[in-house]
Amino acid sequence: MERWQPVSVLSNIRRGEVAGVRIGGHEVVLWREDAQAATLHAWEDRCPHRGMRLSFGFVRDDALGCLYHGWQFGGAARCRLIPAHPRVRVPASINVRAYTVREHAGLAWVSMEGAEDFPHQQAGWPEHAQPVRTVHVHASVGQVRHAVGIAPDGGMAWHGPVGLAVHEPVAGQAMLHVVRVADGPSALGLSHWAERLRDAVEGGAQMAPVMAELAAGIAA
Amino acid sequence: MTTGLTLYDWTPDVRCYAVRLGLSLMGVAYDTRAADMDLPTFQRPAGLRPGERPPVLVAGNVRITRPGTIMQFAARQPAVARAWLDPAHEWAILDWLDFGTVALDMLAAARDLAFGATLPVLPPMGALVAALRRMEDHMSARAMAGHDWFAAPAASIADVLPFVVFALSADLEVERDTCPALRRWAHRMRGLPGFVVMPGVPDYA
Ligand code: FES
């Protein structure tokens, strides 16, 4: 598995939101603080208390609360409040497994190995890419990458003003992430194009005509 | 004082939940007759006619059994806010209401198969998955146009049945991360005044 996985367009994880995503079958919770910095976090989707999925939880300012018994975890992935024992100092050993996350080219990128270097920063992709949409495709990641022209070691493929990335939630399925530069095709037009691409991949149709639409320019 | 409306209700039934949710969101009061369809016929409430199964809404001479029709009936009550069947968006609302009714029937059938079996097996999910995908595509496009709800500027009866389909399809192993636009819309639904949960189904799906 590659070190940095593009897991979501950023428009799906706005301030104060929580979203569960899967990476190669591993459950990951993405959440963004409802605070000035609005920092994005990616953690293992599992509460250290009784194993509840943290993606069912809620954001309180700069902490993520578990739905089950309300334990709250701060930005450093450490538990800092147990509502049943509000006066007790929470042991430092209670924490959630944190992954590294970067926001780049309109996407959230996660490294489950905790990588600190982010090579895609130097890839020369458009600086201010805007998120369009994440689309579920019932086909292997290899099929989708091949269809949209992402090199085996490349994080994204850019077709003019349109950027495409893929990750594997679970074997045999793919999430296609679509971004664009501001003066590129309309978001709505691209969203419908992504649906046609999905249907073509799933139906085993020829990809060339769908990809040619991108080169010809997508209308709204 | 009675409300003039009686709902024959079977708590674990998904169509009944859709009706309870819609009536609660619209602030419509009603009397409940619990009708446990697992009990023999003679132990069910007398007002339920042979062959009828909940939900059944009775208002005087009117008897309605289809969740979509019950939604329309409720939304046309004088005390209910017009937004639930906004005249300016009536056809879009009715169109999605009908879509939701069919999708809800698919959900109910899939759940009956999945939970009625001695071994937990997943039924063929093709039609239900296709309906969820259509909903996801629709709400993605709505979000891009700056809209929060299925068919009108505010929440309407078009949102109620699709919500139940999305929320309870989690029990059938439809993963939430495949439907990001529906996740964000469902979160808004849960924040509406009068929102009620399905007993036994946590408030997160
Ligand atoms: S399981 Fe998370 S607080 Fe108990």
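Only a predicted model underlies this, so the values are computations on that prediction, with no experimental measurement involved.

1. Details of the environment of Met 198 of chain B
Residue placement: Met 198 of chain B occurs in the segment after α6 (180–190). Measuring from C-alpha to C-alpha, the distance between Met 198 of chain B and Val 165 of chain B comes to 12 Å, with 33 residues separating the pair along the chain.

2. Here's the deal with the domain arrangement of chain B
Residues and elements named next belong to chain B. Along its sequence, chain B is organised into domain 1 (6–82) and domain 2 (85–190). The centre of domain 1, based on its C-alpha atoms, is set 21 Å off from the matching centre of domain 2. Taken together, the contact between domain 1 and domain 2 spans 16 residues of the former and 19 residues of the latter. Of the roughly 1,500 Å² buried where domain 1 meets domain 2, counting both sides, 73% is carbon and sulfur surface. The largest per-residue losses of area from domain 1 upon contact with domain 2 belong to Val 14, Arg 15 and Arg 82, which jointly make up 31% of the total buried on that side. Inspection of the domain 1/domain 2 interface yields three salt bridges. A salt bridge links Arg 76 to Glu 90, with the shortest nitrogen-to-oxygen separation between them at 3.6 Å. Here domain 1 and domain 2 share four residue pairs in polar contact (both at pLDDT 80 or more) between them. Of all the secondary structure elements, the ones that give two or more residues to the side of domain 1 that touches domain 2 are α1 (14–25) and α2 (67–75). It is α1 that provides the largest number of residues to the side of domain 1 that touches domain 2, a total of seven residues.

3. Looking at the UniProt feature "domain: GST N-terminal" (unreviewed entry) in chain B
Residues given the UniProt feature "domain: GST N-terminal" (unreviewed entry) here are residues 3–82 of chain B. Between the end C-alpha atoms of residues 3–82 of chain B there is a gap of 20 Å, over a span that is 26% helix and 19% strand.

The rules behind each value
Residues numbered from 1 in each chain as written. Chains lettered and ligands numbered in written order. Predicted model: local features only at pLDDT ≥ 70, side-chain atom pairs only at ≥ 80, totals over all residues. Heavy atoms only, no water. Helix = DSSP H or I, 4+ residues; strand = E, 2+ residues; numbered from the N terminus. Domains from an automatic or database assignment. Contact = heavy atoms within 4.5 Å. Buried area = accessible area lost by both parts, 1.4 Å probe. Salt bridge = Lys/Arg side-chain N within 4 Å of Asp/Glu carboxyl O. Polar contact = N/O pair within 3.5 Å; in protein donor to acceptor, adjacent residues only side chain to side chain. UniProt positions renumbered as here; feature names shortened; annotations may be inferred.

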